[in-house]
Amino acid sequence: MCGNGIRCISKYILDNNLHFYSSDYLHQSVHTLAGTIHCYPDLHHHLNNSQTLMVKVNMGSPSIMELNEEKPLDVPNREMNRTQPPEHWSREVNVLDKTFSITTVSMGNPHAVIFVESLSSIDVPLYGAGLETHKLFPHKANIEFVEVVDKNTIRVKVWERGSGETLACGTGACASLVASVLNSKIDSQKATTVIMPGGSLEVFWDEFDNKVYKTGPATSVFKGEITIPNSIFS
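So, a few notes on the structure that sits alongside this text. Note that the structure is predicted; figures quoted are calculated from it, not measured.

A short note on the overall build of the chain
Now for step 1: What the chain contains, in helices and strands, is five helices and 14 strands.
Now for step 2: Here the chain holds 234 residues, and the buried ones make up 45% of them.
Now for step 3: Within the chain, contacts between residues at least 6 apart in sequence are counted, and of these 59% link residues at least 24 apart.
Now for step 4: When the accessible surface of the chain is summed, it comes to about 12,500 Å², and 53% of that surface belongs to carbon and sulfur atoms.

Here it is as structure tokens:
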């Protein structure tokens, strides 16, 4: 499942009239291997600027992963999480010459979140690759390095499993937000701006339904055609 790709699908549906209008905010359901993801595109924004659409996505409920276990430990609700001290959610991992305190979060895929004083001080390819393939993660993991700017803003760099360092990651933004709440880094009552090299997202973990909501743009870049040979399906 790709959190950013979901917003692009939402815009494609609207651009190609593959939808039914019911209100100012459409409700689209996208089925993924991580479950059904619900999208709410902002028609006002879309109509004012046909190239860009703002889409709110219900990314589902987060889980805290138990290291060395494929099955995650579900988090019933955020209120219970707040009663636990930050050290309850973190554990130390040694990689090369450093020891990192990580918080493991599942958004349907595995993430390890690490808080740093400054993103510029971290060699993301070096330590990201080392953490991705650490023995604690038998199926590898996505790695997020997070710098807290203030109570409503974080900066994130992501090392995605199987891909390397990327400009943005939707599930990584959500996992970083969840870890920030669990570790008392931000104001959990407001949406947090998550800044990545590829752009910014607004992310909020709702304490009432235990869902993480991500809002960001989807922009048309180009249109084209491709011929796919039949042999590719044989």
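Structural notes on helix α5 (residues 170–182)
Now for step 1: With 13 residues, α5 extends 19 Å from end C-alpha to end C-alpha; this agrees with the ideal 18 Å at 1.5 Å per step.
Now for step 2: Burial analysis of α5 places 13 of its 13 residues in the buried class, which makes it a mostly covered element.
Now for step 3: Just past α5, the residue S184 takes up positive phi, approximately 55°.

Observations regarding the side chain of R7
Now for step 1: With respect to the secondary-structure elements, R7 resides in helix α1 (residues 3–15).
Now for step 2: It turns out R7 is buried and unbridged, and the closest side chain with the opposite charge, E160, is 11 Å from it.
Now for step 3: Once you skip the residues sitting within four places of it in the chain, R7 turns out to touch V55, V57, L201, K214, G216, P217 and A218.

Notes on the environment of D206
Now for step 1: Within the fold, D206 resides in the loop between β13 (199–205) and β14 (212–219).
Now for step 2: From its side chain, D206 meets the backbone nitrogen of D209 in a polar contact 3.5 Å long.

Thoughts on the pairing of strand β6 (residues 90–95)
Now for step 1: Strand direction decides the pairing type here: β6 and strand β7 (residues 98–106), joined by six bridges, are antiparallel. Directly across from E92, in β7, lies its bridge partner S101.
Now for step 2: Linking β6 back to β7 in an antiparallel pair, the connection comprises two residues, with L96 at a positive phi of about 55°.

Some thoughts on a nonpolar patch on the surface
Now for step 1: On the surface, a cluster of nonpolar side chains totalling about 500 Å² of accessible area is made up of I226, I228, I232 and F233.
Now for step 2: Take I228: it is sitting in the segment after β14.
Now for step 3: In this structure I228 comes out as partly exposed when scored by relative accessible area, which is 45%.

Topic: the nonpolar core
Now for step 1: Among the nonpolar cores identified, the biggest contains 36 residues, and V57, V156, V194, V203, W205 and V212 are the most heavily contacted of them.
Now for step 2: Counting residues per element, the ones that place at least two in this core are α1, β2 (35–41), β3 (52–58), β10 (153–160), α5, β12 (192–196) and β13.
Now for step 3: Broken down by element, this core gets its largest block of residues, eight residues, from α5.
Now for step 4: Residues in contact with V57, not counting those within four places in the same chain, are I6, R7, I37, H38, C39, V212, Y213 and K214.
Now for step 5: Formed by 18 residues, the second largest nonpolar core is a distinct cluster that contains V95, I102, L119 and V124.

Side note on the packing of aromatic side chains
Now for step 1: Per the stated rule, a full pass over the model turns up two aromatic pairs.
Now for step 2: Considering the side-chain rings of F100 and Y127, the 5.4 Å spacing of their centres and the 70° angle between planes classify their relative orientation as edge-to-face. Of the two residues, F100 is situated in strand β7 and Y127 in helix α4 (residues 124–132); the sequence distance between them amounts to 27 residues. Like Y127, F100 is buried.
Now for step 3: Between the aromatic rings of F100 and F145, the centroid separation amounts to 6.2 Å while the plane-to-plane angle is 65°, which identifies the pairing as edge-to-face. Here F100, found in strand β7, pairs with F145, found in strand β9 (residues 142–150); they are 45 residues apart in sequence, far enough to count as distant. Summarising the burial analysis for this pair, F100 and F145 share the class buried.
Now for step 4: Aromatic rings pair up to connect F100, Y127 and F145 into one cluster.
Now for step 5: Positioned above the aromatic ring of Y213, the side-chain terminus of K56 is 4.9 Å from the ring centre.
Now for step 6: A cation over an aromatic ring shows up here: K185 above the ring of F115, its NZ or CZ 5.2 Å from the ring centre.

Each value, and the rule that gives it
Residues numbered from 1 in each chain as written. Predicted model: local features only at pLDDT ≥ 70, side-chain atom pairs only at ≥ 80, totals over all residues. Heavy atoms only, no water. Helix = DSSP H or I, 4+ residues; strand = E, 2+ residues; numbered from the N terminus. Buried < 20%, exposed > 50% of the residue type's maximum accessible area, 1.4 Å probe, protein only. Contact = heavy atoms within 4.5 Å. Areas by Shrake-Rupley, 256 points an atom, 1.4 Å probe, with all protein chains shown as cover. Expected span 1.5 Å × (residues − 1). Lys, Arg positive; Asp, Glu negative; His and termini not counted. Salt bridge = Lys/Arg side-chain N within 4 Å of Asp/Glu carboxyl O. Polar contact = N/O pair within 3.5 Å; in protein donor to acceptor, adjacent residues only side chain to side chain. Pairing = 2+ DSSP bridges. Patch = residues over 30% accessible without salt bridge, like charges linked within 9 Å, V, L, I, M, F, W, Y side chains within 5 Å. Core = buried A, V, L, I, M, F, W, Y, C linked by side-chain atoms within 4.5 Å. Phe/Tyr/Trp six-rings, centres within 6.5 Å; stacked < 30°, edge-to-face > 60°. Lys NZ or Arg CZ within 6 Å of the ring centre and 35° of its normal.

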